Amino acid sequence: MSHKSALVLGGGGLWGAFEAGAYTVIENRFEFDTIVGASAGALNACAIAGGMSAAGLVKLWLSSEPAATLKLHCPRYFLDGFADTTILETTIREMMRNFRPKKQLGVVVSQGWNLEQVLITENITSDTILASCAIPFVLPAKRLDGVLSVDGGLRDPCPTFAARQMGATEILAVNVWTHLP
C-alpha cells in the first residue's frame, strides 16, 4: 500500500498567521503530496502548494496593508458582507499568479442553507479561495459554478475529511480551534 501525505490547514481568520508560523517549523521536516485548506487555511494551502516558502508566507501575513486599509461599505445584498475586500482580492489574485499550485491542492467551501462542506480540487481560482474565506456578513460570498459559497470552515474548521477524500493515508493537521465559537 502506498503512502500519500497531506497537510491540512484549518480556518480561523487571523489564525492563518499562526499557521504561517507553524509552517516555519514543519516546512523542512515533512514532504507533503497534498495540501488542503479551509477559510484562512485555504489561502495558506494555496500559497504552500504553489511553492511559497514559510518565510514568504509569514511576510504575507505580517504585511499591514490589507488590515490597515480595511474599509467598510453598505452591503448590496444579504451575503455581500460589510468589509471592502478589494485589497484582499488583489493580494490573492497576485499570489495565485505568482504561485500556481505544484502539488495537489484541495479547498473546502460551505454551500447551501445547510452549509454543506464541499471539497474543490479542480479549476481552483482566486474566487475559490475568496469563497472559502468568506465569513458570512463580514466578507462577501462568492458564486462558484452558480452556487453561493462561503467560509469553508464553518461546520468543521479543520477538514481532515477532505484529505482522506483525496487519498491521503497520513495527515498532519494544523487546527487552531480547540472548540467552535
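Our subject is the structure that appears above.
Residues numbered from 1 in each chain as written. Predicted model: local features only at pLDDT ≥ 70, side-chain atom pairs only at ≥ 80, totals over all residues. Heavy atoms only, no water.

A word on a nonpolar patch on the surface. A contiguous nonpolar patch, built from Phe82, Ile135, Phe137 and Val138 and spanning about 340 Å² of accessible area, is present on the exposed surface. With respect to the helices, strands and loops of the structure, Ile135 is situated in the loop between helix H6 (126-133) and strand S7 (142-144). (Patch = residues over 30% accessible without salt bridge, like charges linked within 9 Å, V, L, I, M, F, W, Y side chains within 5 Å. Areas by Shrake-Rupley, 256 points an atom, 1.4 Å probe, with all protein chains shown as cover. Salt bridge = Lys/Arg side-chain N within 4 Å of Asp/Glu carboxyl O. Helix = DSSP H or I, 4+ residues; strand = E, 2+ residues; numbered from the N terminus.)

Turning to the pairing of strand S5 (residues 104-111), a few remarks are in order. For S5, the buried fraction is high: seven of the eight residues fall into the buried class. Of the strand pairs in this sheet, strand S2 (residues 34-38) and S5 are connected by five bridges, and their pairing is parallel. Bridge pairing links Thr34 to Gln104 in S5. Where S5 meets strand S6 (residues 116-120), five bridges bridge the pair, whose relative direction is antiparallel. Within the sheet, the bridge partner assigned to Gln111 lies in S6 and is Glu116. Between S5 and S6, which follow one another and run antiparallel, lie four residues, and Gly112 among them has a positive phi close to 80°. Bridge analysis of S5 against strand S8 (residues 147-150) gives two bridges, and the strand direction is antiparallel. The partner of Gln111 across the bridge, within S8, is Ser149. (Buried < 20%, exposed > 50% of the residue type's maximum accessible area, 1.4 Å probe, protein only. Pairing = 2+ DSSP bridges.)

The biggest cluster of nonpolar side chains holds 32 residues, and the ones touching the most others in it are Leu7 and Ile129. Going through the elements one at a time, strand S1 (5-9), helix H1 (15-26), helix H2 (40-49), helix H3 (54-62), helix H5 (86-98), S5 and H6 are the ones with two or more residues in this core. If one sorts the elements of this core by residue count, H2 sits on top with seven residues. Discounting chain neighbours no more than four positions away, the residues touching Leu7 are Tyr23, Ile26, Phe32, Thr34, Ile35, Val36, Ile48, Leu172 and Val174. The next biggest cluster of nonpolar side chains, apart from the first, holds 12 residues, and it includes Ala6, Val8, Cys158 and Met166. (Core = buried A, V, L, I, M, F, W, Y, C linked by side-chain atoms within 4.5 Å. Contact = heavy atoms within 4.5 Å.)

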